[in-house]
Amino acid sequence: MKTTVTRTGLVFLMCSISAFLTGCAAFRASTTDLDVNKTQHVRSTYDFSDLRTLSQAVADELLASPFLGDKSPAPIMMIAGVQNRTGRYVDTKGLTDKMRTLLFQSGKVQFVNEARREDLLKEQGYQAANATPETQTAVGKQLGAKYMLSGSLIEMQETSPRQVRVSKQEYTYYKLTMEVTDLETGLLAWTTEKEFARQSSQPLIGW
Amino acid sequence: MDLRRVIACLRPVGLVVLTALIQCGCATPALDSARHNFYAGQFDKANETLDSAKVPDNNKVLFNMERGTVRLFAGRYETSARDYIAASDELDRLETYSVSKGTASWVVNDTVQSFRGTPYERTLLHAFTAKDHLAMANWDNAAVEARRIIKSLDPAVRGDYPEDAYSRYMAGFCLEMIDDDSNARIQYQRASSLLSGIKVDEDTGHILPAPESAAGTNNTGAVASPIVADDKRWPHELVCFVLLGHSARGSDVWQQNWTPGQPMYAEIHRNGQYLGRSYNLADTVELAYTTDQIEAVRKMIKTVGRVVVKEAIASSLEANDNELLGELVRFVLIGLLERPDIRRWETLPRWLQVARVPCPPDLTNYDVVLKTFNGVTIRTLHVENPITRRRNTFVSFCRDIVPASGSVSIPPRNGKEPRPGALQSAVTDPE
């Protein structure tokens, strides 16, 4: 009788545990859509929220600057890229792509597609050889950029010193500098800086 | 004793063995086979072996390090960089100490813990990733690795472990390539301070014999050979990272009087014209030796502690009138499972050298003439790839995977002969 009760108890316990484990969301694979407009950081390092925030801030400031004003026609720019001067792999092309989209959509700036120049020339060459004269793209009519958009992203990081502790504190500072250079004169036409710092804590002991 | 009791005794023992086997994983055969193929020059086969192997959780870093190296020398720079970066990311994750694996290591052995590599291996991981980026002319990413090298060599991170001049030089060079001259200068300066017999010019990165030290321990032949090319008119230069020999194997046993051997060096020729030579900036066997010396006490204390714990478990079972079970547990825990953790990044080269020589502006290939420390030619490698260019600087690297044949052992310190079993195979004997 006693053995039966013990066995029943064990079975009940195991059923409860398995029900708990399968029922608990933490033990199930799941996918959830996130609101990209909502700022969220998992670690102290550069992430997608920063990409959005920084590119939006730079684009807004450039569009509101007296340099751009109401120039007509809209000045033509080329993007030379943002130099990654951090200790991490940062897709700085993603940053400039986002800025270009925002600036272009404002209608106040035009861009040459310098990243696709080779493809462009290849297509023009193909058309010159194979397309009918009326549909052929004219060669030598591309517009030259007047300004160059470039920048750099730097990172400084501090980690809590070695001591008896259960978590590691990390402070990370980022500064993005963006500048517009007049390609004719070589003078800086506009520049701005955006910076932020963040703290995170990482456990030193885990399961 | 009846059969039921014997089975009852064996059950927990079987459970322990099974758990230990799962924890230890079965990575070694695939790794050994891949390393063997790699050193036989069969890079694709080595890559396939590692690709098809199931990577145990505790050996992810080691697998990625080895596969990254196989792919680097197979010319697959992008996938190699991906492997190295995956290893680095995994190392970041492993900064959090796993209580479960830590506890298991006190009952089984240290191999149940995730492989993190030694500090010099972690630094060289970034130096080798940088090489991938240099081979792809990806200067910004190479500079990212330079910053990671600098971070890993920070005394707060490195502790008392040795640092190597090669990684410092690599960091300086990557920073120089993105025009960060002030930081490059600091790295060249530190590299220079770690070297004997040669010095690194902090302004130019040129490596020259140190005038005050004609016979350095690492570069004895430095003065004997001409140091610059005959033709000084070229404003262009070639920076070639020359990688020679085999690193220490995990199973290598060190002897008290072990001494580093004299490294080979490489002469760079182009169309028969001598351009300059390489200088040795690091010896991974020496780094492994120094690191193992530092870790020896910690490892010994842990091993003794673990054996005591195992003995206590076995004795407590015996004390509960279960002698057979006690003996079995003792046999399994101490006799079968007690073994040292000999995991090591074994596809690393032994001698990490740099040749920075003047070269013609139309450089598309060059020859690397490998020589013993006293100038005897061993063999010649022809290099066409990788050669990338940034303004007036050509960047390239080459590896001689044949073991250090032709290198000559030197008498050990204090005039004693090394004992048999000391790590000499890589120093003296061609395989």
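To be clear, the structure that these remarks concern was listed above.
Residues numbered from 1 in each chain as written. Chains lettered and ligands numbered in written order. Predicted model: local features only at pLDDT ≥ 70, side-chain atom pairs only at ≥ 80, totals over all residues. Heavy atoms only, no water.

A. The arrangement of the overall build of chain B in detail. In terms of helices and strands, chain B carries 13 helices and twelve strands. Counting every position in chain B, which comprises 431 residues, the buried fraction comes to 55%. Counting contacts in chain B only where the partners sit at least 6 residues apart, residues at least 24 apart contribute 73% of the total. For chain B, the accessible surface area stands at approximately 18,500 Å², while carbon and sulfur atoms represent 54% of it. (Helix = DSSP H or I, 4+ residues; strand = E, 2+ residues; numbered from the N terminus. Buried < 20%, exposed > 50% of the residue type's maximum accessible area, 1.4 Å probe, protein only. Contact = heavy atoms within 4.5 Å. Areas by Shrake-Rupley, 256 points an atom, 1.4 Å probe, with all protein chains shown as cover.)

B. Inspection of unusual backbone geometry at higher detail. Each neighbour pair has its own omega, and for A:Ser72 with A:Pro73 the value is 0°, a cis peptide bond. By secondary structure assignment, the location of A:Pro73 is in the loop between α2 (48-64) and β1 (76-85). The backbone of B:Asn271 sits at a positive phi, close to 50°, despite the residue not being glycine. Mapped onto the elements, B:Asn271 comes out in the loop between β5 (265-270) and β6 (273-277). A positive phi angle, near 50°, is found at B:Arg391, a position not held by glycine.

C. The arrangement of the interface of chain B and chain A in detail. Facing 21 residues of chain B, the contacting portion of chain A comprises 16 residues. Of the roughly 1,600 Å² buried at the junction of chain B and chain A (both faces included), carbon and sulfur atoms supply 41%. Of all residues in chain B, B:Glu95, B:Thr96 and B:Arg147 give up the largest surface area on contact with chain A, accounting jointly for 28% of the area buried on that side. Summed over the shared surface of chain B and chain A, the result is two salt bridges. (Buried area = accessible area lost by both parts, 1.4 Å probe. Salt bridge = Lys/Arg side-chain N within 4 Å of Asp/Glu carboxyl O.)

D. Layout of the sheet that holds β6(B). All names here are of chain B. With antiparallel pairing, four strands are arranged side by side in an open sheet as β6-β5-β9-β10. Here the strands that pair on one side only, and so sit at the sheet edges, are β6 and β10 (377-383). Taken over all neighbouring pairs, the strand axes of this sheet differ in orientation by 30° on average, direction set aside. Strand direction decides the pairing type here: β5 and β6, joined by four bridges, are antiparallel. Residue Ile268 lies in a different strand from β6, and its bridge partner there is Gly276. (Pairing = 2+ DSSP bridges. Axes fitted to C-alpha atoms, helices over the stretch in contact; angles between N-to-C directions.)

E. Structural detail: the packing of helix α4 (residues 60-73) of chain B against helix α7 (residues 119-135) of chain B. Residues and elements named next belong to chain B. Interhelical geometry of α4 versus α7 gives an angle of 30° and a closest axis separation of 11 Å. Taken together, the axes of α4 and α7 lie roughly parallel to each other. For the crossing formed where α4 meets α7, the hand is left-handed. Between α4, through Met65, Leu72 and Phe73, and α7, the contact on the second element is made entirely by Glu121, Leu125, Phe128, Lys131 and Asp132. When grouped by side-chain class, the residues that make up the contact of α4 with α7 number five nonpolar, no polar and three charged. (Parallel < 35°, antiparallel > 145°, perpendicular 65-115°, else oblique. Left-handed = near helix turned anticlockwise from the far one by under 90°. Nonpolar A, V, L, I, M, F, W, Y, C, P; charged D, E, K, R; others polar.)

F. Broad picture of the packing of aromatic side chains. All names here are of chain B. This model, assessed by the stated rule, comprises 13 aromatic pairs over all chains. Seen from their ring centres, Phe38 and Phe43 are 5.3 Å apart, and the 45° between their planes marks the pair as tilted. Their ring planes at 70° and their centres at 5.8 Å tell us that Phe173 and Phe241 sit as a pair that is edge-to-face. A residue pair is termed long-range when its members are at least 10 positions apart, and Phe173 in helix α10 (residues 165-177) and Phe241 in strand β4 (residues 237-244) qualify at 68 residues. Like Phe241, Phe173 is buried. In this structure an aromatic cluster arises from ring pairing among Phe38, Tyr39, Phe43, Phe73, Tyr77 and Phe397. (Phe/Tyr/Trp six-rings, centres within 6.5 Å; stacked < 30°, edge-to-face > 60°.)

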